[in-house]
Amino acid sequence: MCQSAANLIDHVVPQDVALRQWVLTLPHALRYRLAYDGKLLGAVCRIFVDSVLGWYRRRLTQQAGAQAKGGAVVAIQRVSSDLRLHPHFHAVVLDGVYVEHRGGGLEFMALPHLSTTEVADVLQLVRARIVGYLQRRNVIEQNDELSVLDDELREREPALADLARAAVSGLEPAGPELRRRLGPISLRGRPGVEILRPLCAQELGFNLHAATGAGALDADGREALL
């Protein structure tokens, strides 16, 4: 762990940039299937990270009026602290985006503030996109109620809500189909975000936590986080 952190600090992660950890845990019903299907687990991980980075781009592009790009380093942890099977994702994300100037130079634009409401919005997008993907792959049962989005999300972030709706009803994603087919899993409950504590939200068994970070000038904190 120390060697990996040192390598990331010295050769991968930009210097003097704030970092934030986003942790996504999954419903119990999905854990066994994803734990033993590497391609499926990788696809869910990519959806999660793409959703978080996309939120940063949209959030700060509106402010900057320019195209922006972020970055993340992700670790997939397969067990919980008591060694139960529990695949989940730890993504250390640049807490902001790089904006390219017309002359070609790059400037880092830090996220000024992250609210619990924004974490809940990202969670809804992540949940909708993952559920839509798994439904199209016949991993979980078709259930229109699982695609329901909070009306407040539509009002605050109409573009985000459109992305979530498209994820549920969109076309089959590119790539080879899974060869090993199992019966579809039934996810119980109705969508509805529950705020557990600051910067931590839960919905339909999906849990997103974004309260851990390290400042741009906190060299020890950045390395400890990684």
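Residues numbered from 1 in each chain as written. Predicted model: local features only at pLDDT ≥ 70, side-chain atom pairs only at ≥ 80, totals over all residues. Heavy atoms only, no water.

**Q** Would you mind going over the pattern of salt bridges with me for this structure?
**A** A side chain with one charge can pair with a side chain of the opposite charge if their charged atoms come near. One pass over the structure, following the stated rule, counts five salt bridges. Measuring nitrogen to oxygen at the nearest pair gives 3.3 Å for the salt bridge that ties aspartate 95 to arginine 20. One end of the pair, aspartate 95, is in the loop between β4 (85-94) and β5 (96-100); the other, arginine 20, is in strand β1 (residues 19-25), and 75 residues separate them in sequence. Residue arginine 20 is classed as buried on the basis of its relative accessible area of 13%. The partner of arginine 129 in a salt bridge is aspartate 50, with the nearest N and O atoms 2.8 Å apart. Of this pair, arginine 129 sits in helix α4 (residues 116-136) while aspartate 50 sits in helix α3 (residues 38-64), and the two are 79 residues apart along the sequence. Judged by its relative accessible area of 22%, arginine 129 is partly exposed. (Salt bridge = Lys/Arg side-chain N within 4 Å of Asp/Glu carboxyl O. Helix = DSSP H or I, 4+ residues; strand = E, 2+ residues; numbered from the N terminus. Buried < 20%, exposed > 50% of the residue type's maximum accessible area, 1.4 Å probe, protein only.)

**Q** Looking at this structure, how should I read α4?
**A** Counting along an α-helix, one turn takes 3.6 residues, and residues three or four places apart therefore face a common direction. A rise of 1.5 Å per residue sets the reference length of α4, with its 21 residues, at 30 Å; its end C-alpha atoms lie 30 Å apart and thus fit the reference within 8%. Among the 21 residues in α4, 17 count as buried, and that is most of the element. Positive phi shows up at asparagine 138, right after α4, with a value of about 60 degrees. (Expected span 1.5 Å × (residues − 1).)

**Q** Looking at this structure, how should I read the side chain of arginine 222?
**A** Within the secondary structure, arginine 222 sits in helix α7 (residues 219-225). Despite its burial, arginine 222 pairs with no opposite charge; the closest candidate is aspartate 16, at 6.4 Å N-O. At 2.5 Å, the side chain of arginine 222 and the backbone oxygen of valine 17 are in polar contact. Those residues in contact with arginine 222, other than ones at most four positions away along the chain, are Ile9, Val13, Pro14, Gln15, Asp16, Val17, Leu19, Ala214, Gly215 and Ala216. (Lys, Arg positive; Asp, Glu negative; His and termini not counted. Polar contact = N/O pair within 3.5 Å; in protein donor to acceptor, adjacent residues only side chain to side chain. Contact = heavy atoms within 4.5 Å.)

**Q** Would you explain the sheet that holds strand β2 (residues 68-69) in this entry?
**A** Backbone hydrogen bonds are what pair the strands of a sheet, in a parallel or an antiparallel way. Pairing within the open sheet is antiparallel, and its three strands lie in the order β2-β5-β6. Both outer strands of the open sheet, β2 and β6 (106-110), are each paired with one neighbouring strand and no more. Where β2 lies against β5, two bridges are found, and the strand directions are antiparallel. Looking at the pairing, lysine 69 lines up with tyrosine 98 of β5. (Pairing = 2+ DSSP bridges.)

**Q** What is the right way to look at the sheet that holds strand β8 (residues 200-203) in this model?
**A** What the six strands build is an open sheet, ordered β3-β4-β1-β9-β8-β7; its pairing is antiparallel. The sheet terminates laterally at β3 (72-79) and β7 (194-197), the two strands that pair on one side only. Strand-to-strand, the axes of this sheet are offset by a mean angle of 20 degrees, without reference to chain direction. In the packing of helix α2 (residues 28-35) onto the sheet, contacts are made with β3, β4 and β9 (206-214), and the angle to β4 comes to roughly 85 degrees. (Axes fitted to C-alpha atoms, helices over the stretch in contact; angles between N-to-C directions.)

**Q** Which parts of the structure should I look at to understand the packing of aromatic side chains?
**A** Within a pair of aromatic rings, the relevant descriptors are the distance that separates the centres and the angle that separates the planes. Tallied over the full model, the rule gives six aromatic pairs. A centroid spacing of 5.1 Å and a plane angle of 50 degrees characterise the contact between tyrosine 32 and tyrosine 36, whose relative ring orientation is tilted. Residues tyrosine 32 and tyrosine 36 agree in their burial class; the two are exposed. Measuring from centroid to centroid gives 5.0 Å for tyrosine 98 and phenylalanine 108, while their planes differ by 65 degrees, and the two rings are edge-to-face. Of the two residues, tyrosine 98 sits in strand β5 while phenylalanine 108 sits in strand β6, which places them 10 residues apart along the sequence. Taken together, the ring pairs in this structure connect Trp22, Trp55 and Tyr56 into an aromatic cluster. Geometry around tyrosine 36 places arginine 78 over its ring, the cationic atom sitting 5.9 Å from the centre. (Phe/Tyr/Trp six-rings, centres within 6.5 Å; stacked < 30°, edge-to-face > 60°. Lys NZ or Arg CZ within 6 Å of the ring centre and 35° of its normal.)

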